[in-house]
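Close look at the chain arrangement
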Amino acid sequence: LAKTTQPISMDSYEGQEVNITCSHNNIATNDYITWYQQFPSQGPRFIIQGYKTKVTNEVASLFIPADRKSSTLSLPRVSLSDTAVYYCLVGDTSGNTGKLIFGQGTTLQVKP
Amino acid sequence: GAVVSQHPSRVICKSGTSVKIECRSLDFQATTMFWYRQFPKKSLMLMATSNEGSKATYEQGVEKDKFLINHASLTLSTLTVTSAHPEDSSFYICSAASHRELTEGYTFGSGTRLTVV
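As a starting point, this report considers the structure included with it. (Residues numbered from 1 in each chain as written. Chains lettered and ligands numbered in written order. Predicted model: local features only at pLDDT ≥ 70, side-chain atom pairs only at ≥ 80, totals over all residues. Heavy atoms only, no water.)

**Considering the pattern of salt bridges**
A full pass over the atoms with the stated rule returns four salt bridges over all chains. A salt bridge links K99 of chain A to E59 of chain B; the nearest nitrogen and oxygen atoms lie 2.8 Å apart. Here K99 of chain A is found in the loop between β8 (84-91) and β9 (106-111), whereas its partner E59 of chain B is found in the loop between β6 (57-58) and β7 (67-73) on a different chain. The class for K99 of chain A is partly exposed, based on a relative accessible area of 29%. Here R24 of chain B ties to E22 of chain B by a salt bridge, and the two come within 3.5 Å at their closest N and O atoms. Exposure remark for R24 of chain B: the relative accessible area of 35% places this residue in the partly exposed category. (Salt bridge = Lys/Arg side-chain N within 4 Å of Asp/Glu carboxyl O. Helix = DSSP H or I, 4+ residues; strand = E, 2+ residues; numbered from the N terminus. Buried < 20%, exposed > 50% of the residue type's maximum accessible area, 1.4 Å probe, protein only.)

Laid out in C-alpha cells, this is it:
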C-alpha cells in the first residue's frame, strides 16, 4: 500500500484559504486519493475523493497533478470549526473492499 | 449519505472481562467492514477486515483470539475484546463502504471509548 506523508501540523486564521499537501510517491494505478477530517473522540468524516486532475465539492477542492505523486486539499475560508485532524489516504477502494491505511495526519489549528 | 452506527459509544469494564462492540450499516449493505483502534493523539491503526460470512483478516501484530470479530449479516459486524486489560483501553472505530464509495468514501462509525479498570 502506498505510504502518505503530510505536515504534522498547520496554523491558520479564520477566513483564510488552507492548502494541505500530501505526498504519495508510490501510488498505484488503481488507487484513489481520499481525504478525511476527524474531530476529537469522533470517527473520521469523508471530505473529498479523487483520481486525477481537480475535484470540487461544497466543502473543499482536491488538486492532483498529472503524475499523481502528490495531492493538495484546499479548504476555502476556514472557520474555527475547521480545527481538526486531516488525513490523506491512498487505496484501491473501487471494489468496496480495499483497506484504508491512515498516516499521521495534519492537525489544523484555526485561530480567530 | 451512508450511515454507520456504532454501539456503545462509551464503556467501562473490569480487567478480565469481555466487551462487545457493534457496528451497523443502517441504510446499506456492507460485505466488508473494517475495525480500527486509536490511542490518544495518535492516528487510526487498522486492526482487521471483517468479511460477511467468513473469517476476518487480521493485520500483523493483532491477536485474533483476543479481538474476536463476527460479521454474521450484511449490516452487522461485532468486535469482542476478550479478557480485557488496561492496555486495551482505547478508541475503537469501525468503517464500511456503501456502493456510493466513489463519491462518498468509506463511512466511519462514531467510535467506542473503551476504558478497562
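Right, picking up where we left off after that structure.
**Focus on the nonpolar core**
Core analysis: the biggest nonpolar cluster contains 25 residues, and W35, F67, L79, Y92 and L114 of chain B have the highest contact counts within it. Among the elements of the structure, β2 (10-13), β3 (19-25), β4 (32-38), β5 (44-51), β7, β8 (76-81), β9 (90-96) and β11 (112-116) of chain B are those that each provide at least two residues to this core. For L114 of chain B, the contacting residues outside a window of four places in its chain are V11, C13, V19, V81, D88, S89, S90 and Y92 of chain B. Core analysis: the second largest hydrophobic core is formed by 20 residues, I47, I48, L62 and L73 of chain A among them. (Core = buried A, V, L, I, M, F, W, Y, C linked by side-chain atoms within 4.5 Å. Contact = heavy atoms within 4.5 Å.)

**A closer look at the sheet that holds β8 of chain B**
Residue and element names in this part refer to chain B. Spatially, β1-β3-β8-β7 is the arrangement adopted by the four strands of the open sheet, whose pairing is antiparallel. Each edge of the sheet is formed by a strand with only one pairing partner; in this case those strands are β1 (4-7) and β7. Taking each pair of neighbouring strands and ignoring which way they run, the sheet shows an average axis angle of 15°. Bridging between β7 and β8 involves five bridges; their strand directions are antiparallel. Each residue of the ladder has a partner; that of L68, found in β8, is T80. (Pairing = 2+ DSSP bridges. Axes fitted to C-alpha atoms, helices over the stretch in contact; angles between N-to-C directions.)

**A word on the state of the cysteines**
Taken as a whole and judged by the stated rule, the model has two disulfides over all chains. There is a disulfide in this structure between C22 of chain A and C88 of chain A, and the S-S distance comes to 2.2 Å. For the disulfide bridge between C22 of chain A and C88 of chain A, the dihedral angle about the S-S bond is near -80°, and by the sign convention the bridge is left-handed. With C22 of chain A in strand β2 (residues 18-23) and C88 of chain A in strand β8, this residue pair connects regions lying 66 residues apart in the sequence. For C23 of chain B, the disulfide goes to C94 of chain B, at an S-S distance of 2.0 Å. Judged by the sign of its S-S torsion, about 85°, the bond between C23 of chain B and C94 of chain B is right-handed. (Disulfide = S-S within 2.5 Å.)

**Re the sheet that holds strand β3 (residues 32-38) of chain A**
Residues and elements named next belong to chain A. Strands sit in the order β1-β9-β8-β3-β4 across an open sheet of five strands; the sheet is mixed. Two strands in the sheet have a free side with no partner beyond their single neighbour: β1 (9-13) and β4 (45-50). Neighbouring strand axes in the sheet, compared pairwise and without regard to direction, differ in orientation by 25° on average. Judged from the five bridges that link them, β1 and β9 form a sheet pairing that is parallel. Residue pairing for β9: S12 is matched across the bridge by V110.

**Some remarks on the environment of S54 of chain B**
Residues and elements named next belong to chain B. Topologically, S54 is positioned in the loop between β5 and β6. Residue classification places S54 among the partly exposed residues on the basis of a relative accessible area of 45%. Along the chain, S54 and N70 lie 16 residues apart, while their C-alpha atoms are 8.5 Å from each other.

**So, unusual backbone geometry**
The peptide bond linking H7 of chain B to P8 of chain B adopts the cis configuration, its omega dihedral lying at 0°. Tracing the backbone shows P8 of chain B in the loop between β1 and β2. The backbone phi angle of S41 of chain A is positive, close to 60°, even though this residue is not glycine. Judged by its relative accessible area of 46%, S41 of chain A falls in the partly exposed class.

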